[in-house]
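# Structural characterization, general
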Amino acid sequence: MTSLQTKDASQTAQITKFFIAQPAAGSGYETGPLHIIYSNGTESVQTLPPLKASTDKEMVFNAVGFSGVELAQDRQTLGWTINVENCCTSYSIPLSVVVFQHKQVLHTFRQGEMVWGWMFLEGGKQVAVVYGPTHGPEVGDYRLYDVKTGKLLSEVSGDADTQSLKSDAPEWAKLLQARIAH
């Protein structure tokens with residue numbers, strides 16, 4: 001992913017608008033670039049890496065789109081998922097959560113399985129993500145990260161018998177489970 005910035009911006013400008021552009025015709029992408037507009041009139045544009053073709057020696061799974069874009073309560077922090085081609089489905093799946101602040105990508109969180117859902121907590125200081133297999137009766141791997149450091153703060157898995165979180169799961173995990181259930 002690359003970033004194109006226009007004008008010179010103060011790090012205190014708030015994000016006022018964001019949108020995903022349409023992909024160029026015949027580009028092979030599901031979406032176009034992600035545009036992030038600030039209160040001081042500046043703009044940051046996030047693009048996906050160039051598509052690569054698979055070969056006999058290497059199977060390539062390209063990042064093909066942006067999805068799930070959300071602005072944190074602090075209006076300084078934006079997050080989104082990156083949809084990637086998947087070997088086992090006819091559609092792409094979100095495999096990582098990207099956290100963006102002060103005109104730069106701070107962290108990309110990836111666990112290896114599909115992102116089922118995610119959300120900001122604490123006004124944008126934390127991000128909660130639940131990962132799981134693309135198909136099947138799984139509960140998911142709930143992870144809580146610090147936005148500033150990228151450090152894993154907490155992790156909890158659900159109960160395989162009930163296919164939900166246990167009653168003693170942390171509140172942040174219950175909030176995320178409730179969010180993805182709706």
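Above this note sits the structure.
The notes below deal with the structure included here. Keep in mind that this is a model prediction, so the values were computed, not measured.

### With respect to the pairing of strand 6 (residues 77-84)
With respect to burial, strand 6 is a largely interior element, eight of its eight residues being buried. Residues Thr 77, Gly 79, Thr 81 and Asn 83 of strand 6 are buried on one face, and the alternating residues Leu 78, Trp 80, Ile 82 and Val 84, pointing to the opposite face, are buried as well. The loop that links strand 5 (residues 63-71) with its antiparallel partner strand 6 comprises five residues; one of these, Arg 75, has a positive phi angle of about 60°. Across eight bridges, the pairing between strand 6 and strand 7 (residues 93-101) is antiparallel. Each bridged residue has a counterpart across the sheet, and for Thr 81 the counterpart in strand 7 is Val 97.

### Re the pattern of salt bridges
Across all of its chains, the model carries three salt bridges by this definition. Its salt-bridge partner being Arg 179, residue Glu 70 comes within 2.4 Å of it at the nearest N-O pair. Of this pair, Glu 70 sits in strand 5 while Arg 179 sits in helix 1 (residues 171-181); the two residues are 109 residues apart in sequence, bridging distant segments of the chain. On the accessibility criterion, Glu 70 (22% relative accessible area) is partly exposed. For Arg 143, the salt bridge goes to Asp 141, with nearest N and O atoms at 3.0 Å. Across the pair, exposure class does not vary: Arg 143 and Asp 141 are buried alike.

Thresholds, definitions, all that
- Residues numbered from 1 in each chain as written.
- Predicted model: local features only at pLDDT ≥ 70, side-chain atom pairs only at ≥ 80, totals over all residues.
- Heavy atoms only, no water.
- Buried < 20%, exposed > 50% of the residue type's maximum accessible area, 1.4 Å probe, protein only.
- Helix = DSSP H or I, 4+ residues; strand = E, 2+ residues; numbered from the N terminus.
- Pairing = 2+ DSSP bridges.
- Salt bridge = Lys/Arg side-chain N within 4 Å of Asp/Glu carboxyl O.

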